[in-house]
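Coordinate analysis (summary)
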Amino acid sequence: MKNWWRRTEKRPPPHAVPNPPRPHTAQAANAPSASPSAEHVLRRLEWSVIRRLDGLLQGDYRTLMRGSGLDLADLREYQHHDDVRHIDWNVTARMPTPHVRVFTEDREMAAWFLLDLSPSVDFGSGSQRKRDISAEFVAVLARLLTRHGNRVGALLYGTGVDAVIPARAGRSHVLHLLHRLLAREEAAALHGKNPASGATRLADLLRAGAHMIKRRSTVFVVSDFISEPGWEKPLAQLAMRHEVVAVRLVDPLELDLPDLGLLTMRDAETGEQVLVDTHNPGFRKRFAAIAAQREADLRAMLARAGVDTLELSTDGQVVDAVVRFAEMRKQRTRLSSGGGFPKHISGAA
């Protein structure tokens, strides 16, 4: 299913003059330099989002990141997915079943953001675009992680993988990452976007990530997953070596089309245009059925790839998304630890 939602508008009469592009922020309407500085954006997020998360997340480091440190924390029964190198043979010899060692998390983990910045993420039916919530999520999560000494890096994809930001720690590095995202958007606005840049090839971004990221890391693939086929296998291969979270960017209008009358819809990546009558209930019903089928297929592909999935909607809040992510990490930690200390060992103790 193509994304026809880069720009939707009622078809003007032949003599009408198209309206100028609407500014994305209030500042844009008043001054030529519409894009706020990275420092301003990060400071706003620190006050409005991160301060709220400090009260919602307890033990946020261990909630957000899980590594493989060297400090012994616990013992539990062996499960089929465990590394046999972690079997404690002394305890296993005294018990009827094998047992493995559980280690505390490494405090020097690296997180990477594989960012899809193709034209389709410029769409937003409300006050936010998919690109906006992507940048906010990256800034908030990067700041949360770097506060504990973790390193964050990024690969940026436009019409191809055209920028690599090495993994480093510190607030200044988060500012640098955010500045690169804002400067990229501002340059695109000044020079204009190429409407016929071609369909997104998400597989190229995933393969580049697998090639660039050498050490085991937590990898966030931030995309709307509107792409040419063939990305499922590279995603599964990336998940075999790294801990991968697929961060989906979605907009409600991509799932349910309201009655807006006669519209000219354009594919943001190929430039293809089509005239549709959204007043037709049959058309809206077919649109909803195709969108629902795409959602089901996409979720099934992500599940087969073995990755966690987090959805970011343009009508949602970044705070809620990060809290959902934290709960996801808690659940994974409980599952990987086997639910705690074995009962027959705790009873013997």
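Residues numbered from 1 in each chain as written. Predicted model: local features only at pLDDT ≥ 70, side-chain atom pairs only at ≥ 80, totals over all residues. Heavy atoms only, no water.

1. Focus on unusual backbone geometry
The phi dihedral of Phe225 falls on the positive side, at around 60°, and the residue is not glycine. Within the secondary structure layout, Phe225 lies in the loop between strand S7 (218-223) and helix H7 (232-241). (Helix = DSSP H or I, 4+ residues; strand = E, 2+ residues; numbered from the N terminus.)

2. Section: the side chain of Thr278
Relative to the elements of secondary structure, Thr278 occurs in the loop between strand S10 (273-277) and helix H8 (281-305). Other than its neighbours up to four places away in sequence, Thr278 contacts Leu257, Pro258, Asp259, Leu260, Gly261, Leu263, Phe283 and Arg284. (Contact = heavy atoms within 4.5 Å.)

3. With respect to H8
With 25 residues, H8 extends 36 Å between its outermost C-alpha atoms, agreeing within 8% with the 36 Å of an ideal straight helix rising 1.5 Å per residue. All buried positions along H8 are accounted for by Phe287, Ala291, Arg294, Glu295, Leu298, Leu302 and Ala305. On its buried face, H8 sits against H7, strand S8 (243-250) and strand S11 (308-313). Of the residues that open H8, the one with a side-chain oxygen 2.8 Å from the backbone nitrogen of Gly282 is Asn280. (Expected span 1.5 Å × (residues − 1). Buried < 20%, exposed > 50% of the residue type's maximum accessible area, 1.4 Å probe, protein only. Polar contact = N/O pair within 3.5 Å; in protein donor to acceptor, adjacent residues only side chain to side chain.)

4. A word on the packing of aromatic side chains
A complete count under the given rule lists three aromatic pairs for this structure. Geometrically, the ring pair formed by Phe113 and Phe220 is stacked, given 5.2 Å between the ring centres and 20° between the ring planes. Highlighted residues: Phe113 in strand S4 (residues 110-116) and Phe220 in strand S7, separated in sequence by 107 residues. Each member of the pair, Phe113 together with Phe220, is buried. Centroid distance Phe137 to Phe220: 6.2 Å. Interplanar angle 75°. Geometry classified as edge-to-face. Here Phe137, found in helix H4 (residues 130-146), pairs with Phe220, found in strand S7; they are 83 residues apart in sequence, far enough to count as distant. In this structure Phe137 comes out as buried when scored by relative accessible area, which is 0%. (Phe/Tyr/Trp six-rings, centres within 6.5 Å; stacked < 30°, edge-to-face > 60°.)

5. A word on the nonpolar core
Phe113, Phe137, Val140, Leu141 and Phe220 are the most contacted members of the largest nonpolar core, which has 46 residues in total. Once residues within four sequence positions are removed from consideration, Phe113 is found in contact with Phe137, Val138, Leu141, Ala142, Val152, Gly153, Ala154, Leu155, Phe220 and Val222. Counting 25 residues, the second largest nonpolar core, distinct from the first, contains Ala203, Val219, Val244 and Val307. (Core = buried A, V, L, I, M, F, W, Y, C linked by side-chain atoms within 4.5 Å.)

6. Observations regarding the confidence of the model for the chain
When pLDDT drops low, the exact placement of atoms in the prediction is not to be read closely. Mean pLDDT over the chain: 78, with 74% of residues reaching 70 or higher. Within the model, pLDDT remains below 50 along residues 340-349, and this stretch shows 13 contacts once partners closer than five positions in the same chain are excluded. (pLDDT = per-residue confidence, 0-100.)

7. Re the sheet that holds strand S6 (residues 161-168)
The strand order across the open sheet formed by six strands is S6-S5-S4-S7-S8-S11, and the pairing between neighbours is mixed. The open sheet has two edge strands with one neighbour each: S6 and S11. Sheet twist, expressed as the mean angle between neighbouring strand axes with direction ignored, is 15°. By the bridge criterion, five bridges tie S4 to S7 in an arrangement that is parallel. Directly across from Leu115, in S7, lies its bridge partner Val222. Sheet strands touched by H4: S4, strand S5 (151-157), S6, S7, S8 and S11. Its angle to S4, the strand with the most contacts, is close to 175°. (Pairing = 2+ DSSP bridges. Axes fitted to C-alpha atoms, helices over the stretch in contact; angles between N-to-C directions.)

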